[in-house]
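Analysis of the macromolecular model
One-letter residues, chain by chain:
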Amino acid sequence: MIFSNTVQKFYQEGIKDEDMVMESTMRVFGGYAFHSTKNEDCYSHIDFFWSPAENSEYKVGFDVKGRRKNSRSDSKYSCDVTWIEVQNVTGRNGWIYGQAKYISFVTDKDILYVDRTALVSMYDEKVNKSLVKDSIPSNCYELYQRKGRKDLIFKAKIEDIRNISKYVVPLQIN
């Protein structure tokens, strides 16, 4: 029962982050934002779309990533690192290879809008793909795979993500 409460908490936090990023995107860039379908979310890794007008055929996909902990057992979120998914738990391409144009990272002070292909370039340049650890790496840019799973993830420095961001939008404190 504790596991399902934890999953439910993560899900609710994710929905809250998605809604906040959608609202911020419309506030800053104008236009219209709307949620993706469940299928688009699961298989294309798109949380919402933005278009310049409500009836426009042009639309841009966004995948939202909330704040992350260095390790699940940590009590607080990290301001310094985030996790990037290269391969999901079933062995399929992770969200870094999804269909979203932008990955929006929520930090403690702003939203970083990063072109997804820039993250792929970061992965290609910084990660040693021949070494996969089975315990949480202490360093960034080391591949990690949980025991019994097919996922491949790595930690990236928030500052490096900030440096490749196309847009940085300060969070509005209510």
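Structure shown above.
These remarks concern the structure in this document. (Residues numbered from 1 in each chain as written. Predicted model: local features only at pLDDT ≥ 70, side-chain atom pairs only at ≥ 80, totals over all residues. Heavy atoms only, no water.)

A closer look at the overall build of the protein chain
Worth spelling out the cut-off: Helix and strand labels come from DSSP, where a helix needs a run of H or I of at least four residues and a strand needs a run of E of at least two; each type is numbered from the N terminus. In this analysis, two residues are considered to be in contact whenever any of their non-hydrogen atoms come within 4.5 Å of each other. Residue burial considers only the protein chains on display, and all accessible areas are found by Shrake-Rupley using a 1.4 Å probe.
A tally of helices and strands in the protein chain yields four helices and 10 strands. Reading the protein chain from its N end, one meets helices and strands in the order α-β-α-β-β-β-β-β-α-β-β-β-α-β. Counted over contacts in the protein chain with a minimum sequence separation of 6, partners at least 24 positions apart contribute 50%. If you sum the accessible surface of the protein chain, you get close to 10400 Å²; carbon and sulfur atoms cover 49% of it.

A word on unusual backbone geometry
Although it is not a glycine, His45 adopts a positive phi angle of roughly 60°. Its place among the elements puts His45 in the loop between helix H2 (38-44) and strand S2 (48-51). Phi at Tyr141 is positive, roughly 65°, even though this residue is not glycine. Positionally, Tyr141 belongs in the loop between strand S7 (132-133) and strand S8 (143-144).

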